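Listed below, chain by chain, are the residues.
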Amino acid sequence: MFTHLLLLAFQVTAFCEANEIGLVVIGPEAPLVAGLADSLRAAGRLVFGPSAAAAALEGSKKFMKDICSKYESRPLSALALIHYTFYTQV
């Protein structure tokens, strides 16, 4: 799936360049996490949407919980993230 999103980023960037699109608003989080906004910005397009690094906070709940736990974010970690377990098998 990730390879598909990288190809999509390339195609969207090429489309915007060919059609002189000045502003791109990205909604779904998967293309944001894959770096679509980064690709468009690198091509000089104005983009409304976070970078891939920032989108990872919303795109992966585990990643966000790990960040909050690592830096002991308050009050969020005090309420919900003091202790959690991540399972890879059901």
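Quick caveat: nothing in here was measured; it's all calculated off a predicted structure.

Caption draft 1: A look at the overall build of the protein chain. From N to C terminus, the protein chain includes six helices and two strands. Helices and strands appear in the protein chain in the N-to-C order α-β-α-α-β-α-α-α. The buried share among the 90 residues of the protein chain stands at 23%. Within the protein chain, counting contacts between residues at least 6 apart in sequence, those at least 24 apart form 35% of the total. If you sum the accessible surface of the protein chain, you get close to 6,500 Å²; carbon and sulfur atoms cover 65% of it.

Caption draft 2: Structural context of the side chain of T13. As for its placement among the helices and strands, T13 is situated in helix α1 (residues 2–18). At 2.7 Å, the side chain of T13 forms a polar contact with the backbone oxygen of A9. A polar contact of 2.8 Å, which involves the side chain of T13, links it to the side chain of S39. In this structure T13 touches S39, L40 and A43, once residues within four positions along its chain are discounted.

Caption draft 3: A look at the environment of A14. Looking at where A14 falls in the secondary structure, it is placed in helix α1. Given the relative accessible area of 35%, A14 is considered partly exposed. Measuring from C-alpha to C-alpha, the distance between A14 and L40 comes to 9.1 Å, with 26 residues separating the pair along the chain.

Quick notes on the rules
- All chains use their own residue numbering, which begins from 1 and follows the written sequence.
- At least 70 in pLDDT is required for a residue's local features to be given in this predicted model, at least 80 for side-chain atom pairs to be given and counted, and no such filter applies to totals for whole chains, interfaces and linings, which use all residues.
- Values reported for side chains reflect all heavy atoms of the structure, with hydrogen atoms and water molecules removed beforehand.
- Only DSSP runs of H or I reaching four residues or more are called helices, and only runs of E reaching two or more are called strands; each is numbered from the N terminus.
- Only protein chains enter the accessibility calculation, which uses a 1.4 Å probe; a residue is then buried when its area is under 20% of its type maximum, exposed when over 50%, and partly exposed in between.
- Contact definition: two residues touch when any of their heavy atoms are within 4.5 Å.
- In this description, accessible areas are obtained by the Shrake-Rupley approach with a 1.4 Å probe, and a residue is regarded as covered only by the protein chains that are shown.
- Each polar contact in these results corresponds to two N or O atoms within 3.5 Å; when the atoms are within protein, one needs to be able to donate a hydrogen and the other to accept it, and residues that are neighboring in sequence are counted only if both atoms are side-chain atoms.

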